[in-house]
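Notes for the structure review
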Amino acid sequence: MNLFQLLTTRRFLPLFLTQFLGALNDNIFRFALIIFITFTLSDRLGLESKFLIPLSGGVFILPFFLFSSLAGQIADKYEKSLLVRRLKFAEIIVMTLGAIGFWSGNTYLLFFVLFCMGTQSTFFGPLKYAILPQHLADHELTAGNGLIQMGTYSAIIIGVVLGGVLAALKGFGPLPIVGAVVGVALLGWISARNIPWAAPSDPEVTINPNIIVATYRLVKYVSAHRELFVLVLCISWFWFIGATFLSMVPTYGKNYLNADEHVVTLLNAAFTIGIALGAIACNRLSKGRIELGLVPIGCVGISMVALDFYFSAVNAASAVTISAAEFFRSAASVRAFIDLLLIGAFGAMFIIPLYAALQTRADSSRCSRVMAALNITNALFMVASALGTIALYQIGFSIPGIFGLLSILNILMMIIAISFLPEFLNRFRTMVRR
């Protein structure tokens, strides 16, 4: 099936719109809150924004550690479309609280809403990825996962831009942000009402409310199955390198390209365009199969581009800031744009087959719980990315130096993954011979 033909089916379109709108709302709210923190809260609380902004990220990601095991159990036990509708209705309530928080300037309420948003994302993740193999045939999973990744990254970019624009509007107070977050939540609930019925995976499962014990058992189950464990770790590694790259793009744009904030948005957009192109390439090269042979190609491609960042980066000598209108007149800017586009494309070739393989190889009765375990490791690797980047800065690494280190670590990761799961290399050899 053509990649975009899935968007015409009721089996997929409502789920795609629901996850897109959810990711969009998360990022509108989070980026508007970052602007609020930077220009209002830091002065009010007497704390620097460089401490408050990481704190906001920690508040959002904490529920992934706390509630993923519970989310996976619930998603396997009950009918999934009903759970999604209830989550999206809860989002309306949460965003209404967020609107009150922005309107009143209540710091504690805003951070509580951020925690609730993280909680909702924690419960939605296993549902989203477990519904896909129930509604799509195996030969459609590569296309379906490709569209989900495209939608997620597009929503992130659009949400960041909208959040910043709405927060910066003068003369309206918080009204634009309030209207946006509540309106998008309503649209998400409407789209969720059209998701087709998805049977419970294991209605007999007993919910364990002890999150510590349940989390331990969840991780233990996945780690005991080598194939699942390798797939989970490879996916989480992608989130590690993706988070590291995207966290450095604003500073790279400013220090090495003399870019303004609009150019930085353009660079982020290049990554998203690359994801879209990579998803299309994945769908064509896999020819309806779940093709793990694409993973080494994606991995080597990411490392080659990261190495190009390392060799091409030169500290900006000019004091003249490059605007979006002048962006493509600069060879260095065009090169950075192409590099980020290629990282997105190779990243899609790396991540999409991994998601599809994990969905089909996890026991159907435990699919949501396996995806919940993935939630936990993704969150862990993203925290490691933030802490690792800070540590490398502290010991004197430059941004190009970090790119170069990532290039080497990425290849080492692939070698280790192949040693535990030779199918990556075997399928690559088969692809080359065809």
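Here the structure is a predicted model, which is why all the values come from computation and not from measurement.

What to know about helix α11 (residues 331-361)
The periodicity of an α-helix, 3.6 residues per turn, causes residues three or four places apart in sequence to face the same way. Taking 1.5 Å per residue as the helical rise, α11 with its 31 residues ought to reach 45 Å, and the 45 Å between its terminal C-alpha atoms agrees with that figure. With 22 of 31 residues buried, α11 lies mostly within the body of the structure.

Focus: the nonpolar core
Counting residues in hydrophobic clusters, the biggest one holds 100 residues, and the most contacted among them are Y252, F309, F350, L354, L358, M414 and F424. For this core, the element with the most residues is helix α8 (residues 226-257), which contributes 17 residues. Discounting residues that sit within four places of it in the chain, L358 has contacts with L228, L231, V232, I235, V370, M371 and L374.

Considering the packing of aromatic side chains
Enumeration over the complete set of coordinates arrives at 19 aromatic pairs. Residues F245 and F309 carry aromatic rings whose centres are separated by 6.5 Å and whose planes lie at 45° to one another, so their mutual orientation is tilted. On the criterion of sequence distance, the pair formed by F245 in helix α8 and F309 in helix α10 (residues 294-312) is long-range, its members being 64 residues apart. Accessibility expressed as a relative area gives 1% for F309, which makes it buried.

Some remarks on the side chain of S303
Within the element layout of this structure, S303 appears in helix α10. On the basis of relative accessibility, which here comes to 3%, the residue S303 falls in the buried class. Side-chain polar atoms of S303 contact the side chain of N410, separated by 3.1 Å. Look past the residues within four positions of S303 in its chain and what remains in contact with it is S407, N410 and I411.

What about the packing of helix α3 (residues 80-104) against helix α6 (residues 175-192)?
Interaxial distance between α3 and α6 falls to 8 Å at its minimum, and their mutual angle equals 175°. One way to sum up the angle between α3 and α6 is to call them roughly antiparallel. Here V84, R85, K88, F89, E91, I92, M95, T96, A99, F102 and W103 of α3 come into contact with α6, specifically with L175, I177, V178, V181, V182, A185, L186, G188, W189 and A192. Split by residue class, the contact of α3 with α6 holds 16 nonpolar, two polar and three charged.

A word on the environment of F16
Locating F16 in the fold gives a position in helix α1 (residues 13-45). Sequence-wise, F16 and F60 are 44 residues apart; in three dimensions their C-alpha atoms are separated by 22 Å. Those residues in contact with F16 that sit more than four places away from it in its chain are L7, L147 and G151.

Details of the pattern of salt bridges
Across all of its chains, the model carries nine salt bridges by this definition. In this structure, E227 engages R361 in a salt bridge whose closest nitrogen and oxygen atoms are separated by 2.4 Å. One end of the pair, E227, is in helix α8; the other, R361, is in helix α11, and 134 residues separate them in sequence. A relative accessible area of 31% places E227 in the partly exposed class. The class of R361 is partly exposed, set by a relative accessible area of 28%.

Calculation notes
Residues numbered from 1 in each chain as written. Predicted model: local features only at pLDDT ≥ 70, side-chain atom pairs only at ≥ 80, totals over all residues. Heavy atoms only, no water. Helix = DSSP H or I, 4+ residues; strand = E, 2+ residues; numbered from the N terminus. Expected span 1.5 Å × (residues − 1). Buried < 20%, exposed > 50% of the residue type's maximum accessible area, 1.4 Å probe, protein only. Core = buried A, V, L, I, M, F, W, Y, C linked by side-chain atoms within 4.5 Å. Contact = heavy atoms within 4.5 Å. Phe/Tyr/Trp six-rings, centres within 6.5 Å; stacked < 30°, edge-to-face > 60°. Polar contact = N/O pair within 3.5 Å; in protein donor to acceptor, adjacent residues only side chain to side chain. Axes fitted to C-alpha atoms, helices over the stretch in contact; angles between N-to-C directions. Parallel < 35°, antiparallel > 145°, perpendicular 65-115°, else oblique. Nonpolar A, V, L, I, M, F, W, Y, C, P; charged D, E, K, R; others polar. Salt bridge = Lys/Arg side-chain N within 4 Å of Asp/Glu carboxyl O.

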